[in-house]
Structure formats: structure tokens, C-alpha cells
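# Structural features, examined
For reference, the chains in residue letters:
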Amino acid sequence: MITTQVGRMLDEEHRSNLELLERVERAVGRAPESTPDLAALLGRFAHAMEHDIDRHFRFEEEVLFPRLAEAGDGAMAALLAEEHQAIRDVTEEMLPLVQDMAEGRGDEESWDRLRLAALELVERQVAHIQKETMALLPLLEDLLDAETDGQLALDYAATA
Amino acid sequence: MSTAGAFLGGASGRLLPASLPLRFFGAAVAYHLLAWLVLAVSSRDALPLDGGLGPPLAALHLLTLGVFGMTALGAAAQLLPVATRQAPVGEHALRAVWWLYTPGVAVLAWGMHSARPPWIALGAAAVMLPLAAWTVLVARHLVGARGMPGVLAHAWSALACLVLVLVTALLLVAGWLGWPAPGRQSLLPLHLLVGPFGFMGLLALGLSYILVPMFALAVPPPERTQLASCVLVVAGLLLAAASVLAPGVPLLQPLAWSAGSTGVLLHLYLMRQALATGMRQDLGRSFVLVKSAWAALLLALVLAGVLWSGLPLPHARAWLALALVAWLLGMVLGFLQRILPFLAALHAAAGRRRGPTASSLTHERALRLHIACHFAALALLALAIGLGSATFAQLGAFTGLAGACAFAVFYLHVLRRLRAARP
């Protein structure tokens, strides 16, 4: 049970992100080639990864992970931050390919690369959310008192 | 050491070094293979599983101690720190437990297979000592636990049952050695109750509250309902134990069955809710095994009820034994095929900017073959019981052996990939 406001907000974002990830996984996993619908879906996906996830990641890295480290779980914070970086790397690889597809410049090879990158991104993101749901979100209860929790939740909401 | 490496190996982390859980899981994979092998080469006379010494009893203990027990030791050591928000139990002690327990299971099984009480005594000592040490280690760990009261209640209850398993096992071995001991007619039912339903069952139920929401990305079930399920299952076990010790007292068995079944149904309802509301809907092949295990658990409860009610169902004991094996084997192998690549990917990420994904460490073809063989083996064994056919029993055992080989290929592949991925 997630009891903090910050935890609930992050969990909510995980949920909506996962919904998109599942759609991408289903659509891309079975598609032999790109279609306009697929390209549009991947465009939305790339946008979500680039903007929404980056906001989410930055909040965790700048606000939560330092607190986690102070509380003696710095190694866990470092692992989660490394996973953020891996997800950013795959997203960076994916973005030009999505752009090519959207502009009709993609060929069979770039579709294959895009498909593999998308599936890798989905898997990394799902595994990362699993770890955060299991380890980070329950810990927030110990890391944040009610006042700090409320203030951080307001601050985070303001960046949306 | 990299930051991730510090997490993986550091005392403040909640992950054990990779070699620890993997050695328990590896031994479980090996004993899975050995159990089917023993059954395959002896299944011509394996059908009357009457609890007497011989190959069937050896195969059964290779499964219960070698596969279920071994996995339980490794999984609980790795997963309980997540639930309790504490550092894992002592690494050296866990290593010592593995070094004594692993050959102990083999010696015990050999003693049972060849009906040699001295070997049984030696194996039993080598199994019971590490199990007792593990009980103390985990109990000490649970004393300082915070969070997840439902999981903790299951863990404590499972530990209490493990103590009873050890006591009843000790007395059964004493009987085989010709030493003074209470009669087998009450010891054996107690042992069969607190082993699969108590220790392994309660641990499986409790760890499911961590694993199922984790893989399905669901909100963990309400703690109160988890606790209610635990209380009902424990009440069922206590009443069932009382019915063994005081066979003349009326209503104990129906009450035990009602309480236990209600507890299990509540647990399955919580699992269904977690799967239905989880963010991940497609959980793949591993959850086909887990769901089949839940179906087998329901079947086992029905069969236990039939046995107690005295309804004339031919081969009811054998059906119950098969249902119990299908339940625990499905749970263990279903979870293992998810946990192994997940854990390996986590460890392989140490010191790397972009470690391998879990799917890149797994072996899909081997797992596909395993699941086909697993279900075919259970179906053939069911046919063997129904028809009283030793040929089907042998066919089922060889099919199970093929599946166990496929699972071992998957395990070795994960290990190889993990080794190759590490810096």
C-alpha cells in the first residue's frame, strides 16, 4: 500500500506510462513493417519518453534519490539512476528512427532497428517500474514526513 | 566497485550476491531432473505410493526437499529482506546451509531409495541441521521486520510448520532405525500435513503476495485480507493436526477443511484481483504455470475433502499426491522462470551503463519445451493413476524428465549469459 502523496503520484504516472508501453509492445511486437498508425503510435510513445518520463526521472533523481542516499540506501538510488540513464540511451537511439518513420524516410532495416529499440525500451521501463514499485515507493513512507510529502507533491504537480 | 556493484554486494543493499540465490535455484533445477529420473527408472513399481521406503519415496523427497525446499530457502532469503526492509540474513551462514543441505538431500534420497536406514539417518541429519539453522536465521531476521504484515504472518507460520516438519521427520527416521518413537499412523499424516500444506504452502502463499503484485505491477492485496487468509489457513492446519492426534473427536475434520479451504479461496481471490487490476496484463508463459498451480491447489483441497469424507473415490490418495505435486511444482517453476532472468539482469547491470535485459538472458525455446513436457507429464501420470497403468507412469516420468532437461538448459543459459554480461 502506497501511503504518501508523492508515491501515489509517481504510481499514477507509472500506470499511465505502462498502458502506453503495453500498447506499443502489442502493436510493434507483431508488425512486420511500419504503417501510418504505427508510426503515429511510436511518435506519441517517443514524445512521452522524451518529455513526461524525463520530468518524472528528473524529479526522482534530484529530489528523491538524494534523500534515499541520506537514509543509507544510496546504492539503491544509484542503481535506479543507472537504469534511468539506460532508458534515456535507448530513447535517444529511437528518436531519430521515429522521426524517419514519421517523415516516410524509413526502410526495412530502420524499421527493424526501431522495433527492437522499442521492445527494449518497453522491457527496460517495465522492469524499472517493477523495481520502483517494489522498493522505492514503499520506502517513501520512511523518507518523507507528512509536511515534506505534501510540499513535494505540490512542487511536482506544478512542473506538469 | 561501481555504484550498482555497491548496491548488489553492499551490506546495506537488499540483494544477496548473485551466487547465493542462484546456487539454491541451481540445486533445485538439478534435483528436479533427478526426481523425474528416479521416477522414470523405477516407475514400473512406483504406482502404489504407500509411504514405505523405496524409489517412489526417494523421488517424492527429491521433489519436496530438493526442489520445493531448496527453492524456498533461496527465494525466502532473497525476497524476505524486500518485505521486511532489512539487509538480508548472513551470507556465510546461508552458504553453509547450502553446502550441508544440498548433499544431505541426495544422501537421504539414496537411503530411502535403497531402504538403508543408516543412510537415511545420515541424510536426515544433514538435512535437518541446516533447515534448523535456516529457521533460526530467518526467525532472527523476522524479529526486526517492518512492513508487509501479511507476508510476515505467513513467514512466521511457515517457520512454525517447518519446526513441526523437522520434529515429525526426526521421529519417523527414529522409527525406521528401530528406536522408540510414536506410531507412524499419527506421525505420517502430521508430516504430510505440515510439510506441503504448512511449510511450503504457507511460504508459497506469503511470497505470492510479493511476487504476483510485483510481476503484474498491481497494488498489493489489503493487509487485513492477507492476514485473514493466513489465520484461516493456520486454523485449518491446527484443526487438521488436532484431528490426527484426537481421531475420535467429531467435527474436527470438517472444520479444518472449511477453515483451510476458505483461507485458500480468499488467497486465490486476492491473487485474481491482483492480476485483474495489475498494470501488466500479459504475464506470459510463466503465469500459465502459476495459474495451473492454483487450479491444482483447488483440486488438492477437493480431494482432501473427499478423502476425509470417506467418499469412495478410487486412488484418491494418489490423485491428492499428484495434485500437490502439480501445485507446488507449477508455482516453483513458474516463478523461477521469471525470477532467474530478472535477478540475473539485475546483477549483470553491475558496473555497466546499459546492462542486458531479462529477456536477452532467457531461453524461450527451452521454456516452451519445458511447459509442454510439464503438462504432458502430469496428464500422463493422471492417466497412469486412473488406468492403473505402469506404462503410462513411465511415459509420464520420461516426459517430465525431458521437461526437466529443458528447464536445466534454460538455467544454464541464464548462468552463461550472466557470466558473459558481467564486466
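Residues numbered from 1 in each chain as written. Chains lettered and ligands numbered in written order. Predicted model: local features only at pLDDT ≥ 70, side-chain atom pairs only at ≥ 80, totals over all residues. Heavy atoms only, no water.

Turning our eyes to something else, we now look at the overall build of chain A. Looking only at helices and strands, one finds four helices and zero strands in chain A. Secondary structure elements in chain A, listed N-terminal to C-terminal, are α-α-α-α. Dimensions of chain A, computed from C-alpha atoms along their principal axes, come out at roughly 55 × 30 × 25 Å. Out of the 160 residues belonging to chain A, those deemed buried represent 51%. Within chain A, contacts between residues at least 6 apart in sequence are counted, and of these 79% link residues at least 24 apart. For chain A, the exposed surface amounts to about 7500 Å²; the carbon and sulfur share of it is 50%. (Helix = DSSP H or I, 4+ residues; strand = E, 2+ residues; numbered from the N terminus. Buried < 20%, exposed > 50% of the residue type's maximum accessible area, 1.4 Å probe, protein only. Contact = heavy atoms within 4.5 Å. Areas by Shrake-Rupley, 256 points an atom, 1.4 Å probe, with all protein chains shown as cover.)

Residue and element names in this part refer to chain B. For the pair helix α11 (residues 316-348) and helix α14 (residues 390-421), interaxial distance at closest approach is 9 Å and the crossing angle is 10°. Classified by the interaxial angle, the pair formed by α11 and α14 is roughly parallel. Along the contact surface, α11 presents Leu 333, Leu 336, Gln 337, Leu 340, Pro 341, Ala 344, His 347 and Ala 348, while α14 presents Phe 407, Phe 410, Tyr 411, Val 414, Leu 418 and Ala 421. Residue composition of the contact of α11 with α14, grouped by class: 12 nonpolar, two polar and no charged. (Axes fitted to C-alpha atoms, helices over the stretch in contact; angles between N-to-C directions. Parallel < 35°, antiparallel > 145°, perpendicular 65-115°, else oblique. Nonpolar A, V, L, I, M, F, W, Y, C, P; charged D, E, K, R; others polar.)

Time to look at helix α3 (residues 108-143) of chain A. With 36 residues, α3 of chain A ought to run about 52 Å at 1.5 Å a step, and its terminal C-alpha atoms sit 49 Å apart, in line with that. Of all the bends found along α3 of chain A, the most pronounced is centred on Thr 133 of chain A and spans about 40°. (Expected span 1.5 Å × (residues − 1). Bend = angle between axes of the 7 residues up to and from the residue.)

Another point: the pattern of salt bridges. Considering all chains together, one arrives at 13 salt bridges over all chains under this definition. Taking the shortest distance from any N to any O, the salt bridge between Arg 280 of chain B and Glu 25 of chain A comes out at 3.0 Å. Here Arg 280 of chain B, found in the loop between α9 (252-277) and α10 (284-309), pairs with Glu 25 of chain A, found in helix α1 (residues 5-30), and the two come from separate chains. For Arg 280 of chain B, a relative accessible area of 10% corresponds to the buried category. Notably, a salt bridge pairs Arg 354 of chain B with Glu 93 of chain A, separated by 2.6 Å at the nearest N-O pair. In this pair, Arg 354 of chain B sits in the loop between α11 and α12 (358-361) while Glu 93 of chain A sits in helix α2 (residues 36-102), so the two residues belong to two different chains. (Salt bridge = Lys/Arg side-chain N within 4 Å of Asp/Glu carboxyl O.)

With that settled, consider the packing of aromatic side chains. Summed over all chains, the structure comprises seven aromatic pairs over all chains. When the centroid spacing of 6.0 Å and the interplanar angle of 85° are considered together, the rings of Phe 215 of chain B and Phe 342 of chain B count as edge-to-face. You can see Phe 215 of chain B sitting in helix α7 (residues 184-216) and its partner Phe 342 of chain B sitting in helix α11, a full 127 residues away along the chain. Just above the ring of Tyr 156 of chain A sits the side chain of Arg 55 of chain A; from NZ or CZ to the centre is 4.1 Å. A cation over a ring is seen here: Arg 23 of chain B above Trp 98 of chain B, with NZ or CZ 5.3 Å from the ring centre. (Phe/Tyr/Trp six-rings, centres within 6.5 Å; stacked < 30°, edge-to-face > 60°. Lys NZ or Arg CZ within 6 Å of the ring centre and 35° of its normal.)

Each partner contributes to the interface: chain B provides 31 residues, whereas chain A provides 33 residues. Both sides together, the interface formed by chain B and chain A hides about 2900 Å², and carbon and sulfur atoms give 53% of it. Inspection of the chain B/chain A interface yields four salt bridges. The interface formed by chain B and chain A includes 10 residue pairs in polar contact (both at pLDDT 80 or more). Take the side of chain B that touches chain A: its biggest share by element is four residues, from helix α1 (residues 3-9) of chain B. Among the residues making up the side of chain B that touches chain A, the classes are represented as 15 nonpolar, seven polar and nine charged. (Buried area = accessible area lost by both parts, 1.4 Å probe. Polar contact = N/O pair within 3.5 Å; in protein donor to acceptor, adjacent residues only side chain to side chain.)

Residues and elements named next belong to chain B. It is at 8 Å that the axes of helix α2 (residues 19-42) and α14 come closest, and there the two elements cross at 160°. By the angle class used here, α2 and α14 are roughly antiparallel. As for how α2 packs across α14, the hand of that crossing is left-handed. Its residues placed into classes, the contact of α2 with α14 shows 18 nonpolar, five polar and one charged. (Left-handed = near helix turned anticlockwise from the far one by under 90°.)

On to unusual backbone geometry, then. Residue and element names in this part refer to chain B. At Leu 217, a residue that is not glycine, the phi angle is positive and equals roughly 50°. Tracing the backbone shows Leu 217 in the loop between α7 and α8 (223-245). For Leu 217, a relative accessible area of 0% translates into the label buried. Unlike most non-glycine residues, Leu 251 shows phi in positive territory, near 70°. By the secondary structure assignment, Leu 251 is in the loop between α8 and α9. The exposed category is assigned to Leu 251, whose relative accessible area is 59%.

This brings us to the environment of Asp 155 of chain A. As for its position among the elements, Asp 155 of chain A is in helix α4 (residues 146-158). Here the alpha-carbon distance between Asp 155 of chain A and Ala 118 of chain A, two residues 37 residues apart in the chain, equals 31 Å.

On to the confidence of the model for chain B, then. Residue and element names in this part refer to chain B. Summarising the model, chain B shows a mean pLDDT of 90, and 94% of its residues fall at 70 or more. The lowest-confidence element of chain B is α1, averaging 34 in pLDDT; the highest-confidence one is α8, averaging 97. Below pLDDT 50 for its whole length, residues 1-12 participates in 30 contacts with residues either more than four positions away or in separate chains. Predicted as a complex, the structure gets a pTM of 0.88 and an ipTM equal to 0.75. (pLDDT = per-residue confidence, 0-100.)

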